[in-house]
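Here's the letter readout for the chains.
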Amino acid sequence: MFVATLGGIFRFKDLPEEYGPYVQFKATIEKREVQDDDEIAILDITGTDSHHVLFLDSYNDISEIKNELKEADAKVNITTLKILEGHL
């Protein structure tokens, strides 16, 4: 199992260019049109060069995020969980 740590929380309009393809991929999967003010969390997957994208307005509570990551064979570290809880 991989560990996901927070890479950052950004508004789409302020998103660093390197994360753009990951966000567009996730938006395509969710059939979502990304808006400039969407709040997006980028999680770095330890031991890989991969990132997991969370559109924060898509979640009601932290358990939904945990379940999504569990399906991706990852878990969130405690510090990241606390920060994400504050943004939900």
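Our subject is the structure that appears above.
Residues numbered from 1 in each chain as written. Predicted model: local features only at pLDDT ≥ 70, side-chain atom pairs only at ≥ 80, totals over all residues. Heavy atoms only, no water.

Trainee: Help me out: how do you make sense of the overall build of the protein chain in this one?
Mentor: The number of helices and strands found in the protein chain is three helices and four strands. Computed over the C-alpha atoms, the radius of gyration of the protein chain is 12 Å, within 12% of the 12 Å expected from 2.2 N^0.38 for a compact globule of 88 residues. For the protein chain, the spread of C-alpha atoms along the principal axes amounts to about 30 × 25 × 20 Å. Split into buried and exposed, the 88 residues of the protein chain put 34% on the buried side. (Helix = DSSP H or I, 4+ residues; strand = E, 2+ residues; numbered from the N terminus. Rg over C-alpha atoms; globule rule 2.2 N^0.38 Å. Buried < 20%, exposed > 50% of the residue type's maximum accessible area, 1.4 Å probe, protein only.)

Trainee: How should the sheet that holds strand S2 (residues 39-45) be read in this particular structure?
Mentor: Whenever strands of a sheet pair, they do so through backbone hydrogen bonds, lying parallel or antiparallel. Sheet architecture is open: four strands sit in the order S3-S2-S1-S4, paired in mixed fashion. Each of the sheet's edge strands pairs with one partner strand only, and the pair in question is strand S3 (51-55) and strand S4 (74-76). The mean angle between the axes of side-by-side strands here comes to 35 degrees, regardless of whether they run parallel or antiparallel. Two elements, strand S1 (residues 2-11) and S2, share seven bridges in a ladder whose sense is antiparallel. When the sheet's bridge partners are listed, Leu6 is paired in S2 with Leu43. Packing of helix H3 (residues 78-87) onto the sheet brings it into contact with S1, S2, S3 and S4, and relative to S1 it is tilted by some 35 degrees. (Pairing = 2+ DSSP bridges. Axes fitted to C-alpha atoms, helices over the stretch in contact; angles between N-to-C directions. Contact = heavy atoms within 4.5 Å.)

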